[in-house]
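Now for the letters of each chain:
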Amino acid sequence: MQLKIYNSLSGEKELFQPIKEGYVGMYVCGPTVYSNVHLGNVRTFMSFDFIFRTLQYLGYKVRYVRNITDAGHLTDDGDVNNDRFVKQSRLEKLEPMEIVQKYTVDFHKVLELFNLQPPTIEPTATGHILEQIQLTEKLIKDGFAYESNGSVYFDVLEYNRRGLNYGELSRRNIEELFANTRDLDGQGEKRNPQDFALWKKASPAHIMRWASPWGDGFPGWHLECTVMSTKYLGEEFDIHGGGMDLKFPHHECEIAQGKAGHGHSPVRYWMHANMLTMNGARMSKSTGNYILPMQLIFGDNNFFEKAFSPSVVRFCFMQAHYRSVLDISNDAMLAAEKGFLRLMDAVKILPTLATSEKSSFDLQAWKNACIEALTDDFNSPILIAQLFEIVKFINLVKDEKATISTTDKEKLIAALNAFVFDVLGLEVNQQNAQNNDKLDGVLQMLINIRLEARANKDWTLSDKIRDELKVLGIQLKDGKDGTSYSLE
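Residue numbers run consecutively from 1 along every chain, following the written order of its sequence. Local features in a predicted model are, by the rule used here, given only for residues with pLDDT of at least 70; side-chain atom pairs are given and counted only at 80 or more, and totals for whole chains, interfaces and linings are based on all residues. No hydrogens and no water enter the side-chain calculation; it runs on all heavy atoms of the structure.

Looking at this structure, I do not really get the sheet that holds strand E7 (residues 196–201). What am I missing?
Adjacent strands of a sheet form backbone hydrogen bonds with each other and so pair up, either parallel or antiparallel. The antiparallel open sheet is built from four strands, whose spatial order is E5-E6-E7-E8. At either margin of the open sheet sits one strand with a lone partner, and together these are strand E5 (145–148) and strand E8 (217–219). Pairs of neighbouring strands in the sheet enclose a mean axial angle of 20°, with direction left out of account. Strands are labelled as partners when DSSP assigns at least two bridges between them. Per the convention used, a helix needs a DSSP run of H or I reaching at least four residues, while a strand needs a run of E reaching at least two, with both numbered from the N terminus. With four bridges joining them, E5 and strand E6 (residues 151–154) adopt antiparallel strand pairing. In the strand pairing of E6, tyrosine 146 is matched with tyrosine 153. Axes, fitted as lines to C-alpha atoms, cover a helix only where it is in contact. Angles between the N-to-C directions of the axes lie from 0 to 180 degrees.

Could you clarify how one ought to interpret a nonpolar patch on the surface in this entry?
Together, Val442, Met445, Ile449 and Leu461 make up an exposed nonpolar region whose accessible area comes to about 320 Å². Of all the elements, helix H15 (residues 430–455) adds the most residues to the nonpolar patch, at three residues. Structurally, valine 442 can be placed in helix H15. Here the term patch refers to residues with relative accessible area over 30% and no salt bridge, with like charges joined within 9 Å and nonpolar side chains (Val, Leu, Ile, Met, Phe, Trp, Tyr) within 5 Å. All accessible-area figures derive from a Shrake-Rupley calculation using a 1.4 Å probe, and residue coverage is judged against the displayed protein chains alone. By salt bridge we mean one thing: a side-chain nitrogen of Lys or Arg within 4 Å of a carboxyl oxygen of Asp or Glu.

Sorry if this is basic, but what is going on with the sheet that holds strand E13 (residues 326–328) here?
Sheet architecture is open: three strands sit in the order E12-E11-E13, paired in mixed fashion. Each having just a single partner strand, strand E12 (281–282) and E13 make up the two edges of the open sheet. Here two bridges tie strand E11 (residues 276–278) to E12, and the two strands are oriented antiparallel to one another. Across the sheet, threonine 277 pairs through a bridge with arginine 282, a residue of E12.

Teacher, can you tell me more about the packing of aromatic side chains here?
Remark: the centre distance and the inter-plane angle together describe each pair of aromatic rings, the angle taken between the planes. Pairing of aromatic side chains here covers Phe, Tyr and the six-membered ring of Trp, requires ring centres within 6.5 Å, and sorts the geometry by plane angle: under 30 degrees stacked, over 60 edge-to-face, intermediate tilted. Tallied over the entire structure, the rule returns 18 aromatic pairs. Centroid distance tyrosine 166 to phenylalanine 248: 6.3 Å. Interplanar angle 65°. Geometry classified as edge-to-face. You can see tyrosine 166 sitting in the loop between helix H5 (156–161) and helix H6 (174–180) and its partner phenylalanine 248 sitting in helix H8 (residues 247–262), a full 82 residues away along the chain. With respect to burial, tyrosine 166 and phenylalanine 248 carry one shared label: buried. Between phenylalanine 304 and phenylalanine 308, the aromatic rings sit 6.2 Å apart at their centres with planes inclined by 85°, giving edge-to-face as the arrangement. Residue classification places phenylalanine 304 among the buried residues on the basis of a relative accessible area of 6%. For phenylalanine 308, a relative accessible area of 0% gives the class buried. Each member of the aromatic cluster is reached from another via a ring pair, and the members are Phe144, Phe154, Tyr159, Tyr166, Phe196 and Phe248. For a Lys NZ or an Arg CZ to count as sitting over a ring, it must be within 6 Å of the ring centre and within 35 degrees of the ring normal. In this structure, arginine 191 packs its charged tip against the face of tyrosine 146, placed 4.1 Å from the ring centre. It is arginine 323 that lies over the ring of tyrosine 6; its NZ or CZ is 4.1 Å from the centre. For every residue, the accessible area (1.4 Å probe, protein chains only) is compared with the maximum for its type, and the residue is labelled buried under 20%, exposed over 50%, or partly exposed between those bounds.

Rendered as structure tokens:
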């Protein structure tokens, strides 16, 4: 089966053809570490963690680069006081690099909690100032950039005069971009409204500053990704990923910098993960419709009736395709938890199943269907649907309504573990496991009381235990080997 990837640049699914057979170079825009990572960020990074895991499962050797933006993140190219690190350092009364350290640690802790694999390389913007200055000098020399009052800007109009099409990723018309641009403080330094900063002159009070040929300053936001991606993956690499909100202007600027600096398009496949909403609305601090990852995990919020384990959250996120908007709500999380527990229950039951000479299920066809979902633009919801087909089969074998051979059982254990744990990245939460053990003990006690009631022909008590458990979503099943239970 051949991997197909939706390329944001073409707007179509394309057959994946890596630059070097068997190898993948993937760059994903990382966090700007001036505050706690929010749940929408987690969804984006989790999507690319799933893509990373899938590529590895499919046999590729992947170099996965994800940067840390720890300098030069302006909300616009005008007022240098809009640098987010400067704002946050003033708010918290900390040095900018203390802010960087604090929130980089938080970022890593949160992603580790959700079982995201670390990237192969995690470079920082401040660690590549020299390379950013060098690329800026080259762009000036080649006529794609200009210095103005100690700052350097990329000349978008000149770029388009040379037929290089700024706006190709977001499908924006440059004339419309120029017509609709509002004036900002500091725009007087620019030749054109859409020109973007490669280097900004630091004000006397600006703490994060480095020496450059144009005076003390700091790099523009877009420049770091072009420098670091090409340094570690080459001037042309396979996959560039990020959130949908980065398509314009950030990724558009990266394409322009790459083409102007190296003479060709830097990336073969552009991939964008869609946004996360909550209760049908965009998450926003200003509206109050907002929750941090740790608040969801520990139940410290007013939106959800209980806490949810990281694997339940991950399972919920994986139920939506990475290019689809994902909406979370109390009901959605409860449903995800129910589905997650059903899946984990089947994984636990599988090794205990009795075997027969033949299987009543085409295991290879099922495995092919799972791989087909993965190779069709990393379709996690279809993969999960296939997993629940096997959950049904496992429960049928348990109830002696289906059969599985010893060989197929061994193959199924390996395949199911690979899809559930290696590819989807789910984990058997230790606290949940302990709670499940306690639940199992309580249910076995109730089953024994019911068996005793049946032996005494106390059908009223027997039926009451069965019916009340069913209301709670626990199905009792009587068989020749005794009574078992399953979570509906």
